[in-house]
Amino acid sequence: TAKLPAGPFTFVAGFRPDGIPSLDMNLFLDPLDGQAYLIRDCAHDYVGISRLSADYLNTTEAGVIAKLHTCEGMAMFRLANGTYYVITSHLT
């Protein structure tokens, strides 16, 4: 955590989101309801999307709420009409 984008940062904790080895991570903050999500590669098996806790330091008890085919460089957004989109590339 840090008070400024440039730091200095304080390490809080390390964890495996939903107990799954995760990499190539990205965050999405829903502009319509304020919910934060973690989108990431889950152990090179699939892309997982999980809700984050209010402090962004853990995933919620809901676990992985969506699974997508394995890809990388994920970015997620939501239109005003409520439709979610994920943009990504295939594995390189």
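The structure reproduced in this document is the subject of the present report. The residue count restarts for each chain, going from 1 along the sequence in the order it is written. Local features in this predicted model are restricted to residues whose pLDDT is 70 or higher, and side-chain atom pairs enter the listing and the counts only when it is 80 or higher, whereas totals over whole chains, interfaces and linings include all residues. Side-chain figures throughout are based on the complete set of non-hydrogen atoms in the structure, without hydrogens or water.

1. Topic: the packing of aromatic side chains
Stated formally: In this scheme Phe, Tyr and Trp rings, the latter by its six-membered ring, pair at centre separations within 6.5 Å, and the angle between planes marks the pair as stacked below 30 degrees, edge-to-face above 60, and tilted otherwise. Secondary structure is summarised from DSSP: a helix means a run of H or I of at least four residues, a strand means a run of E of at least two, and numbering begins at the N terminus for each. Note on exposure labels: buried denotes an accessible area under 20% of the residue type's maximum, exposed denotes more than 50%, and partly exposed covers the range between, all computed with a 1.4 Å probe on protein chains only.
According to the stated counting rule, one finds four aromatic pairs in the structure shown. Note on Phe28 and Tyr84: the rings are 6.3 Å apart at their centroids and 75° apart in plane angle, and the pair reads as edge-to-face. Of the two residues, Phe28 sits in strand 1 (residues 22-29) while Tyr84 sits in strand 6 (residues 84-89), which places them 56 residues apart along the sequence. You can call Phe28 buried: its relative accessible area is 6%. Judged by its relative accessible area of 35%, Tyr84 falls in the partly exposed class. Pairing Phe77 with Tyr85 gives two aromatic rings, centres 5.3 Å apart and planes at 15°, and the pair type is stacked. Among the residues examined, Phe77 registers a relative accessible area of 32% and is labelled partly exposed. With a relative accessible area of 39%, Tyr85 lands in the partly exposed category.

2. Quick word on the pattern of salt bridges
Stated precisely, the cut-off is as follows: Just to be clear on terms, a salt bridge is a Lys or Arg side-chain nitrogen sitting within 4 Å of an Asp or Glu carboxyl oxygen.
For the coordinates displayed, the defined rule picks out three salt bridges. Between Asp30 and Arg78 there is a salt bridge, with its nearest N and O atoms 2.5 Å apart. Residue Asp30 is found in the loop between strand 1 and strand 2 (36-42), and its partner Arg78 is found in strand 5 (residues 72-78); the two are separated by 48 residues along the sequence. A salt bridge links Arg78 to Asp33; the nearest nitrogen and oxygen atoms lie 3.9 Å apart. Of this pair, Arg78 sits in strand 5 while Asp33 sits in the loop between strand 1 and strand 2, and the two are 45 residues apart along the sequence. Since its relative accessible area comes to 22%, Arg78 is described here as partly exposed. Judged by relative accessible area, Asp33 falls into the partly exposed class, the value being 49%. One continuous salt-bridge network, built from bridges that share partners, spans Asp30, Asp33 and Arg78.

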